[in-house]
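# What the coordinates show
Spelled out from the first residue to the last, the chains are:
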Amino acid sequence: MSLPSAVRLAGSCSSRAVSRSSLRFPSPTQSGFMHNAVSQSLKTSYIRHYASKSKAKSTADLIPGSKQALTSEVARLEYGKSEAKMNAAVEWYRKEVAGLETRASGRVTPALLSPVRIELPGKGKDLVKLEEVATIGVRDGSTLIITVFEEHNLKAVEQALYAAKLPNIVPQRQDSRTVKIPIPRPTVEARNALTATAQRMAEDTRVQLRKIQQASVKKGDYKKHSVELEEFQKLVDRNTAEVDKILTHMKKSTGAR
């Protein structure tokens, strides 16, 4: 019985006036018989029937996904792998944008040359960082000075600087151990170009995040509307939002549109 029906029934009962004189009371014998009948009726009507264990169903599926945690060990492991991969992708983008932001702002720091990798003679295909074979300094706030530890590595350093294809990086040899690189102030066009590069890299990172998510979901073969699908979607959304935040910060700091 619904709540409105119960209210209407209670109202109709209370509106009936019943006088005591109009009531007819049963005899003691009849009262005992009626009492036993009512008791037996009540016992019968309140018998509770329990489902057997074999037919009992879990109510876990009725709990909203946002209130559940990943219960499958396989799903938790896959989630951890996806999270690590997505974090790595976001951190890569963060570092790349930091370099672009530095160049767009016009600040001259050794970090401008961080992408440079050098192939040293006799070391095979193993590449090393520039700071492993030379010191990098700043002169007058506008010129980078590179001084190699050993003279025979200078040529390899010059080749690596050209191979890196960094904008406005034109090395000039000073002596047998030193190279200077004047850094011009970035123009508006240069800042916009760097921002456009950051935007392209942001989209590449978003695509990578979606690929990681799709690969994990495909591997798990999760049901539609399952908690696993919801959690993996939250993971990719959170990391995508972080990428957008990094890009927005760069645009704001450089004044680019």
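Nothing here was measured: the structure is a model prediction, and the numbers come from that model.

Rules and cut-offs
- Residues numbered from 1 in each chain as written.
- Predicted model: local features only at pLDDT ≥ 70, side-chain atom pairs only at ≥ 80, totals over all residues.
- Heavy atoms only, no water.
- Helix = DSSP H or I, 4+ residues; strand = E, 2+ residues; numbered from the N terminus.
- Buried < 20%, exposed > 50% of the residue type's maximum accessible area, 1.4 Å probe, protein only.
- Contact = heavy atoms within 4.5 Å.
- Areas by Shrake-Rupley, 256 points an atom, 1.4 Å probe, with all protein chains shown as cover.
- Expected span 1.5 Å × (residues − 1).
- Pairing = 2+ DSSP bridges.
- Axes fitted to C-alpha atoms, helices over the stretch in contact; angles between N-to-C directions.
- Parallel < 35°, antiparallel > 145°, perpendicular 65-115°, else oblique.
- Nonpolar A, V, L, I, M, F, W, Y, C, P; charged D, E, K, R; others polar.
- Phe/Tyr/Trp six-rings, centres within 6.5 Å; stacked < 30°, edge-to-face > 60°.
- pLDDT = per-residue confidence, 0-100.
- Salt bridge = Lys/Arg side-chain N within 4 Å of Asp/Glu carboxyl O.

## Topic: the overall build of the chain
Counting its secondary structure elements, the chain contains six helices and six strands. Shown N-terminal to C-terminal, the secondary structure of the chain runs as helices and strands in the order α-α-α-β-β-β-β-α-β-β-α-α. With 257 residues in all, the chain has 28% of them scored as buried. Considering only residue pairs separated by 6 or more positions, the chain has 64% of its internal contacts joining residues 24 or more positions apart. Entry remark: accessible area of the chain is about 18,200 Å², with carbon and sulfur atoms responsible for 55%.

## With respect to helix 3 (residues 73-105)
The terminal C-alpha atoms of helix 3 lie 47 Å apart, and with 33 residues this matches the ideal 48 Å at 1.5 Å per residue to within 8%. Just downstream of helix 3 lies Gly106, where phi reads positive at about 90°.

## Some details on the sheet that holds strand 5 (residues 172-173)
Taken together, four strands build an open sheet; the order of strands is 3-4-6-5 and the sheet is antiparallel. Looking at the sheet topology across the chains shown, the edges are occupied by strand 3 (134-139) and strand 5. As defined by bridge partners, strand 3 adjoins strand 4 (residues 143-148) across six bridges and the pair is classed as antiparallel. Along strand 4, the bridge assignment pairs Val138 with Leu144. The strands that helix 4 (residues 154-164) touches are strand 4, strand 5 and strand 6 (178-182); relative to strand 6, the one it contacts most, it runs at about 20°.

## Digging into the packing of helix 5 (residues 188-220) against helix 6 (residues 227-254)
Their axes nearest at 10 Å, the elements helix 5 and helix 6 cross at an angle of 175°. On the basis of the axis angle, helix 5 is roughly antiparallel to helix 6. Its residues assigned to classes, the contact of helix 5 with helix 6 shows 11 nonpolar, nine polar and five charged.

## A few points about the packing of aromatic side chains
In total, this model carries two aromatic pairs according to the counting rule given. Residues Tyr79 and Phe232 carry aromatic rings whose centres are separated by 5.7 Å and whose planes lie at 55° to one another, so their mutual orientation is tilted. A residue pair is termed long-range when its members are at least 10 positions apart, and Tyr79 in helix 3 and Phe232 in helix 6 qualify at 153 residues. Judged by centre distance (5.9 Å) and plane angle (25°), the rings of Tyr222 and Phe232 are stacked. Taken together, the positions of Tyr222 in the loop between helix 5 and helix 6 and Phe232 in helix 6 put the pair 10 residues apart, joining distant regions of the chain. Both residues of the pair, Tyr222 and Phe232, belong to the buried class. Linked through ring pairs, Tyr79, Tyr222 and Phe232 together constitute an aromatic cluster.

## Overview of the confidence of the model for the chain
Here the chain averages 78 in pLDDT, while 71% of its residues score no lower than 70. Taken as a whole, residues 14-25 scores under 50 in pLDDT and shows two contacts with residues more than four places along the chain or in a different chain. Overall, residues 41-47 carries pLDDT values under 50, and its contacts beyond four positions in sequence, including any with other chains, amount to zero contacts.

## Points about helix 6
Under the 1.5 Å per step criterion, the end-to-end length of helix 6 is 41 Å for 28 residues, consistent within 8% with the ideal 40 Å. Looking one or two places after helix 6, you find Gly255, whose phi comes out positive at around 75°.

## Quick notes on the pattern of salt bridges
Under the definition given, this model contains 10 salt bridges. The salt bridge partner of Glu203 is Arg206, with a shortest N-O separation of 3.0 Å. With Glu203 and Arg206 both in helix 5, this residue pair falls three residues apart, about one helical turn. Residue class for Glu203 comes out partly exposed when judged on its relative accessible area of 36%. The buried category is assigned to Arg206, whose relative accessible area is 16%. The partner of Asp244 in a salt bridge is Arg206, with the nearest N and O atoms 2.8 Å apart. With Asp244 in helix 6 and Arg206 in helix 5, this residue pair connects regions lying 38 residues apart in the sequence. Its relative accessible area of 30% is what places Asp244 among the partly exposed residues. Salt bridges here are not isolated pairs; linked through shared partners, they connect Glu203, Arg206, Arg210 and Asp244.

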